[in-house]
Structures are given as structure tokens and as C-alpha cells.
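# Structure assessment
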Amino acid sequence: DMETPKCAPVSVGDMGTGYDMCAINGPGTVVDVAAGTGTFQTLLAAASAAGLVETLSDPNATLTVFAPVDAAFEELDVDALLADPDGLRVILLNHVLGTKVMSTDLSDGQQVTMLGGSVVTVTIDGGKVMINNAEVTSVDV
């Protein structure tokens, strides 16, 4: 029985819009968890178009994915994203850490490089954890 990942409303990077994002790091592969919830159909289509399904389906992969739910794509031109697999691949990999990260692994001021190459900064202040300008409200899902 697969647990549905908990989502947190966040504002990510330069996009400036709040939307639900889930930290997926198991149990099961990222694709198993995403497909099982029914709220990541656009993400799965994007992963397929970008050639990332095999990577995200690897049962031996240790990944943490900050996964945007379908509603996160409503203000975007999804067809244009799907038509640019190379650009889409970078965007998606900038939502993936190449390791399983638990809340206790984070420290204030820590910088983490996502698989797409972007560097994000962790801020911990008064019990609130931020990744760049995105608040982490559900941890260790």
C-alpha cells in the first residue's frame, strides 16, 4: 500500500507563483509513486518527453524529487515544453536531487546542486526550512 506523498504550496525560483509540490523519495520508484497518486500526469508526460522515465523508474536510484502536481502546469504552455525535450530535461532535473535527503540532513546556509545544474540554498530560521524562496512544509515523505 503506497502512501500518497504530502504536498506543500511553494513559490519556486523566478517563477514567482505558488503551487503544490511534493518531495518524493519513496517507497517505490519516483514513477511508481507519481503514477499511483493520479496528480502527476503532466509531470509523467514531461518526464516521458524528456527521456527521463527510465532514470526515474530505476529501483536502485537514490533520488529526491520536488515534484510539481498537475495544477502547477496550468499557467504554462505545456505543448511548448513537451516540444523542447532538451530544455524540458534541464527544467525537470532542476527539481531532482541525486540523493535521498531527509530533513535532518539539512543545515542553514547549505548549498545543494540539483541534477540539472542549478544550485539551491537551504535556509533554516526559527524552525522554518526554505529552499531558495520555497518553504518546505512537509518533510521526509
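Right above here is the structure, for reference.
Summarised in this report is the structure supplied together with it.

Here is what the cut-offs are and how they apply
- Residues numbered from 1 in each chain as written.
- Predicted model: local features only at pLDDT ≥ 70, side-chain atom pairs only at ≥ 80, totals over all residues.
- Heavy atoms only, no water.
- Buried < 20%, exposed > 50% of the residue type's maximum accessible area, 1.4 Å probe, protein only.
- Helix = DSSP H or I, 4+ residues; strand = E, 2+ residues; numbered from the N terminus.
- Contact = heavy atoms within 4.5 Å.
- Core = buried A, V, L, I, M, F, W, Y, C linked by side-chain atoms within 4.5 Å.
- Arc of directions from axis to C-beta.

## Comments concerning helix H2 (residues 41-49)
For H2, the set of buried residues is Thr42, Leu43, Leu44, Ala46 and Ala47. Packed against the buried residues of H2 are helix H1 (30-37), helix H3 (53-56), strand S3 (64-68), helix H4 (78-82) and helix H5 (85-93). One or two residues past the end of H2 sits Gly51, with phi positive at roughly 75 degrees.

## Remarks on the nonpolar core
The nonpolar side chains of a soluble globular protein tend to be buried, and buried together. Membership of the largest hydrophobic core comes to 20 residues, with the highest contact counts inside it found for Phe40, Leu43, Leu52, Leu56, Val65 and Leu92. For this core, the secondary structure elements donating two or more residues are H1, H2, S3 and H5. Among the elements that line this core, the one with the most residues is H2, at 4 residues. If you look at the next biggest cluster of nonpolar residues, it comprises 8 residues, including Leu97, Val112, Val129 and Ile131.

## Structural notes on H5
Among the residues making up H5, those that are buried are Leu88, Leu92 and Leu93. Buried positions in H5, seen along its axis, are confined to an arc of 125 degrees and lie on one side of it.

Any link to function would need more than the numbers given here.
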